[in-house]
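Residue-level structure breakdown
What follows is the residue order along each chain.
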Amino acid sequence: MMAVVRETFDVIIVGAGLAGLYTALQLGSDLKILILSEGDITGTNSYLAQGGIATAIGEADDSEKHFADTMACGHFVNDPEAVRVLVDEAVENIRTIEGFGVRFDADERGYKLGLEGAHAMARILRMGDHTGKTVLSTIYERIMEKDNITHYDGAYVYRLITAGGFCGGVEALIEGTQRVFMAGSVVLATGGVGQLFSNTTNAIGIEGTGIAMGIEAGVKTAGLTDLQFHPTGLYGNDHYEGRHFLISEAVRGEGAILRDEKLNRIMDGVHPMKELAPRDVVSKTIHEVLANQSLPYVYLDATHLDESFFRERFPTIYECCMNYGINPAHTMIPVVPCMHYYMGGLKTDLDGNTSLRGLYAVGECSHTGVHGKNRLASNSLLETLVFGRRAARAILRSSGKTEDLRWIHLREVPYFNMSFGSLQNWMTRNMGVVKHYDEISDMRKKLEMALWEPMGYRLPNWEDLRLFHVSVLVHEMLKKTIEERDENEV
Ligand code: SIN
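Nothing here was measured: the structure is a model prediction, and the numbers come from that model. (Residues numbered from 1 in each chain as written. Predicted model: local features only at pLDDT ≥ 70, side-chain atom pairs only at ≥ 80, totals over all residues. Heavy atoms only, no water.)

1. Description of the overall build of the protein
- Helix and strand counts for the protein stand at 15 helices and 20 strands.
- Its C-alpha atoms give the protein a radius of gyration of 22 Å, near enough to 23 Å, the size a compact globule of 490 residues would have.
- Considered along the principal axes of its C-alpha atoms, the protein spans approximately 65 × 55 × 45 Å.
- The buried share of the protein, taken over its 490 residues, is 60%. (Helix = DSSP H or I, 4+ residues; strand = E, 2+ residues; numbered from the N terminus. Rg over C-alpha atoms; globule rule 2.2 N^0.38 Å. Buried < 20%, exposed > 50% of the residue type's maximum accessible area, 1.4 Å probe, protein only.)

In structure tokens form, the structure reads like this:
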């Protein structure tokens, strides 16, 4: 039998979005750090982030106001301590990334702040509509300058190596070969779950692998039923790079209006903030309009905005719409709600510690409780910075010693008779803005049976591992959804 190659580092970070890369930079230059990711930085949700980073930095603003908006948007079930940390540590982390070379849009009067849903005022630091791309690219330049950081992209991490309540490494497939990486600290920064749905704004590959690996290893989770649907994904059956292109909430922040086919303003009388109501309210309203009027989409009307303003403020959106034959300054944009953000994940404390010693989670795969039931727009990139730095500091405080775990590497994985595409469609139909509980109950049982009695086992390969992870995670999500329904009925 071929020996499995084994390498040792001080810290392993899984994921190359902002959470992973910023955590790596915050670890300093003395530790030997490995970043593992399936693709390069362009395959992350951070890279796609259009809106920006919510920060109470404007003259009329303060962290109390940001705190209040975050709590109200999250239906007041957020962990107030986590929200306090998020808003209080925002500015110092912004200063840090500015020190790395990030430059937000500004003029002689100061930052040009964007307005998004459920914010009482404009407080989004941004760069046009490509904030994530520009911030992440700058941070990655700093990563490339570091001799102590190694980055393998093309690595599918599929298993946490654990023993005696401790995580000491990961197994990964690289070019089809099993590899083993050991470290005193492992950080999961694998993002959310959007690609479990066929209608999502998320990048390909964002399907909850990190959370599934955690569940498999017995790590505590929280908020698994808390899915956020963005109101305005560009409608289209021919998906744009495997996802629905996002029409940023900032377009509504600049005055765009949601209309039905008869041109009625659909948010009239629904919420005092109209188009800028919390996302869950806007998505639910659109869903009802689509169902009641049997429409495939509603319209986002930005035709009253000046074309040169639109092109300059939203260059990415303008270009994508034009590629679809829509000039947003002349024609209304067809939009539908799409799965966008996962509030659930691996439960952590305020320093990224999960329930498994040596395992940390940061960003969308974690659950600090900061977002409650509904994340406030542009709090997600902020979360990656604030809690990424905290996790890095916790790692630096820990012994970080790589324990010599006796592990048994995975020789075989279960396989199922299931297609990923049909599961994505099923999730879209049944676990969307409206839940279909009978179907959910049936699917949960089917997945339980499949996990209990797979069709067989074979050598680790990407297709089987992927379906295994997806089944583990979806099963858990459906189970919690049914439990929550039952609790609400009591
Ligand atoms: C958007 O630009 O609408 C998305 C921002 C976010 O999800 O926070």
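The discussion continues.
2. Notes on the site of the ligand
- With respect to spatial proximity, the complete set of residues near the ligand consists of Gln-50, Gly-51, Glu-116, His-230, Leu-246, Ser-248, Glu-249, Arg-279, His-340, Arg-375, Ala-377 and Ser-378.
- Within the contact set of the ligand, an oxygen atom lies 3.1 Å away from a backbone nitrogen or oxygen of Gly-51.
- One of the side-chain nitrogen or oxygen atoms of Arg-375 is found 2.7 Å away from an oxygen atom of the ligand.
- Relative to its unbound accessible surface of 250 Å², the ligand loses 94% to contact with the protein.
- Looking at the shell around the ligand, its residues break down into 2 nonpolar, 6 polar and 4 charged. (Near = heavy atom within 4 Å. Polar contact = N/O pair within 3.5 Å; in protein donor to acceptor, adjacent residues only side chain to side chain. Areas by Shrake-Rupley, 256 points an atom, 1.4 Å probe, with all protein chains shown as cover. Nonpolar A, V, L, I, M, F, W, Y, C, P; charged D, E, K, R; others polar.)

3. Brief notes about the packing of helix H1 (residues 18-26) against helix H12 (residues 379-397)
- Two elements in contact, H1 and H12, have axes whose closest approach is 8 Å; the angle formed by their N-to-C orientations is 40°. Viewed along their axes, H1 and H12 adopt a mutual orientation that is oblique. Where H1 crosses over H12, the two elements pack in a sense that is right-handed. In this structure, H1 uses Leu-18, Ala-19, Tyr-22, Thr-23 and Gln-26 to contact H12, whose residues at the interface are Leu-381, Thr-384, Leu-385, Gly-388, Arg-389, Ala-392 and Leu-396.
- Classifying every residue of the contact of H1 with H12 gives 7 nonpolar, 4 polar and 1 charged. (Axes fitted to C-alpha atoms, helices over the stretch in contact; angles between N-to-C directions. Parallel < 35°, antiparallel > 145°, perpendicular 65-115°, else oblique. Left-handed = near helix turned anticlockwise from the far one by under 90°. Contact = heavy atoms within 4.5 Å.)

4. A closer look at the side chain of His-151
- Examined against the element boundaries, His-151 turns out to sit in strand S7 (residues 149-153).
- At 2.8 Å, the side chain of His-151 forms a polar contact with the side chain of Ser-37.
- Residues within four places of His-151 in sequence aside, it is in contact with Ala-16, Ile-35, Ser-37 and Tyr-140.

5. Things to note about the nonpolar core
- Membership of the largest hydrophobic core comes to 54 residues, with the highest contact counts inside it found for Leu-21, Ile-97 and Phe-104.
- Elements with a contribution of two residues or more to this core: strand S1 (5-14), H1, strand S2 (33-37), helix H3 (63-73), helix H4 (80-88), helix H5 (90-99), helix H6 (131-144) and H12.
- The element contributing the most residues to this core is H12, with 9 residues.
- If we ignore the near neighbours within four places in the chain, the residues touching Leu-21 are Ala-16, Ile-35, Ile-41, Leu-136, Ile-139, Tyr-140 and Ile-143. (Core = buried A, V, L, I, M, F, W, Y, C linked by side-chain atoms within 4.5 Å.)

6. Points about the pattern of salt bridges
- In this structure the tally under the stated criterion is 33 salt bridges.
- One salt bridge connects Glu-275 with Arg-265, and the closest N-O pair in it is separated by 2.7 Å. With Glu-275 in the loop between strand S13 (257-259) and helix H9 (279-293) and Arg-265 in the loop between S13 and H9, this pair connects stretches of sequence that are 10 residues apart.
- Given a relative accessible area of 30%, Arg-265 falls into the partly exposed group.
- Among the salt bridges present, the one from Glu-476 reaches Lys-479, with a minimum N-O distance of 3.6 Å. On the criterion of helical spacing, the pair formed by Glu-476 and Lys-479 is a turn pair, its members being 3 residues apart in helix H15 (residues 462-489).
- Each of the salt bridges in this network shares a partner with another, and the network as a whole consists of Glu-89, Glu-92, Asp-351, Arg-389, Arg-390 and Arg-397. (Salt bridge = Lys/Arg side-chain N within 4 Å of Asp/Glu carboxyl O.)

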